[in-house]
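Chain and residue survey
So you can see what is in the structure, the chains are spelled out below.
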Amino acid sequence: MRPPIIISGGGIIGSYISSRLSRHNIKNYVVEKRPQLLEKSNKIRTLTLNKNSIELLEKEGVIIKNQNVTNINVFDEDENKLTFNANELKLKSIAKVVVFDDLQHAIETKINKNIIYDSEISKINQKNSNLDLEIKNHSPISASLLIGSEGRNSNVASLSNIKKDVKNYHQIALTFLARIDLDEHTAIQYFSDNGIFAILPIPVDRLGNNFSIVWSIDSSKLLLNTKDFVNENITFFEKKLDQKINIGSEVLNFNLSSHHFFDYISGLTVLIGDAAHSIHPLAGQGINLGLADADILCEELIKTFNNVNNYSISEGLKSYELRRKTLNKIMRSSMDLLLLIFSNRYRPINFIRAIGLKGLNKSNTIKNIFIKHALGEYRV
Ligand SMILES: Cc1cc2nc3c(=O)[nH]c(=O)nc-3n(C[C@H](O)[C@H](O)[C@H](O)COP(=O)(O)OP(=O)(O)OC[C@H]3O[C@@H](n4cnc5c(N)ncnc54)[C@H](O)[C@@H]3O)c2cc1C
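Residues numbered from 1 in each chain as written. Predicted model: local features only at pLDDT ≥ 70, side-chain atom pairs only at ≥ 80, totals over all residues.

Description of the overall build of the protein chain
A tally of regular secondary structure across the protein chain gives 10 helices and 21 strands. Taken over C-alpha atoms, the radius of gyration comes to 21 Å for the protein chain, in line with the 21 Å a tight globule of 380 residues would show. Each of the three principal axes of the protein chain carries a C-alpha extent, and together these read 65 × 40 × 40 Å. When the 380 residues of the protein chain are sorted by exposure, 41% land in the buried category. For the protein chain, the share of sequence-separated contacts (at least 6 apart) that also reach a separation of at least 24 residues comes to 73%. (Helix = DSSP H or I, 4+ residues; strand = E, 2+ residues; numbered from the N terminus. Rg over C-alpha atoms; globule rule 2.2 N^0.38 Å. Buried ≥ 20, exposed ≤ 12 C-beta atoms within 10 Å, placed from the backbone. Contact = placed C-beta atoms within 7 Å.)

Shown next as structure tokens:
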């Protein structure tokens, strides 16, 4: 019998993989640094799930409170507008917004018996077709595969010495909840000299907050503490919306960078989700890329463990890398291109952008291609 698969990091991606492999009777354990199951303490961070992610989670029996987004309005600095409307695109929904902690808690609860908490991989020794793993606070484990899913600062990636490309945006994302008198199914995004301001409808919380804000600003602008900065600068967007934005939570902040590993595989170790790549959060696609990775990796591993055509683990890993790496690289470059086009103040580029947006806004065919990418409908 093969030794188990070890998953390092029980975030949403690691937990999803554990759940799906267990459903296919593939033995696995999750090594998680946190001391226990995530308490639902921080309700501020939200995630925008696309159609593909929702379907993958539903198959694992994970169904949580969400808010349907049926319209997206994007504005540039000069108030040129790009709209996406579910009806026009013949869709029921463009995306669903969920609370990060609700999703993490729901999926982690499902695989709780597989998790070794308060633990971390400290050494990887590859021996022929198996791995011997040394684990902090635990006896060593023999494994047939190690999956690194510990998010941006993967220690499995460091232990495996895989090289990566990193980009620092010198920006900070401020995120908080708010009460705003706006349509409850419309998401709005402003690209402006005052930063990228995204307004996402959320399931209403007990304080009546109905929107989540993700506001990316240049780090150099943050001379005050984050709450004072928000209070002093939010009127700019209140004027644009012609609405009061009632701040209803503390303000969290994240330094923004992106990275991509040149290889996702080293021997019997493989990287996935934010451990393998991260992107600018302007289009809310991070978790969707991670779940799309996890779907393909699980598909390949299930074939391997069911001995389809004598498929080996190495072949399965190679196929996973081939099917996901280029798409992830394209998504990272697309976010950087959007950032460059929308944040540019050079007049000729503004002029071309205005014409481009007007043309794009009239073409449902092109919008459909965009949306199909965002919904995760292109799968190779
Ligand atoms: C401001 C902001 C807003 C965002 N908004 C969106 C959005 O709207 N939509 C979207 O799709 N994405 C969004 N993202 C990205 C999204 O949050 C990530 O893509 C997603 O959380 C990655 O999931 P993961 O499971 O790969 O990693 P993580 O969520 O980072 O989980 C990693 C897990 O590994 C554990 N761990 C860490 N180190 C170790 C270790 N050494 N050993 C063992 N365990 C370890 C951690 O405790 C955690 O449980 C946003 C990101 C930011 C910064």
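Let's pick the thread back up.
Section: the site of the ligand
If you check the shell around the ligand, you find 32 residues, and the closest are G9, G11, G151, G273 and G286. The set of elements that each furnish at least two residues to the shell around the ligand consists of α1 (12–23), β3 (46–49), β13 (164–179) and α7 (286–305). Per-element accounting of the shell around the ligand gives the leading share, 4 residues, to α7. Grouping the constituent residues of the shell around the ligand by class yields 10 nonpolar, 16 polar and 6 charged. (Near = placed C-beta within 6 Å. Nonpolar A, V, L, I, M, F, W, Y, C, P; charged D, E, K, R; others polar.)

As for the sheet that holds strand β10 (residues 130–136)
Pairing is antiparallel in the open sheet, where 3 strands are placed in the order β9-β10-β11. What marks the edges here is a single partner per strand, and that holds for β9 (120–127) and β11 (138–143). Sheet twist, expressed as the average angle between the axes of neighbouring strands with direction ignored, equals 20°. With 7 bridges joining them, β9 and β10 adopt antiparallel strand pairing. When the sheet's bridge partners are listed, I124 is paired in β10 with L133. (Pairing = 2+ DSSP bridges. Axes fitted to C-alpha atoms, helices over the stretch in contact; angles between N-to-C directions.)

Description of the packing of α1 against α7
Where α1 meets α7, the axes come as close as 10 Å, and the angle between the chain directions of the two elements is 30°. Here α7 runs roughly parallel to α1, going by the angle between their axes. Crossing handedness for the pair α1 and α7: right-handed. Seen from α1, the contacting residues are I12, I13, Y16, I17, R20 and L21; seen from α7, they are I287, G290, L291, A294, L297, C298 and L301. Looking at the contact of α1 with α7 residue by residue, the classes come out as 11 nonpolar, 1 polar and 1 charged. (Parallel < 35°, antiparallel > 145°, perpendicular 65-115°, else oblique. Left-handed = near helix turned anticlockwise from the far one by under 90°.)

Structural notes on the pairing of β13
Bridge count for β13 against strand β18 (residues 252–261) is 10 bridges, and the pairing is antiparallel. Within β18, the position partnered with V166 by the bridge is H259.

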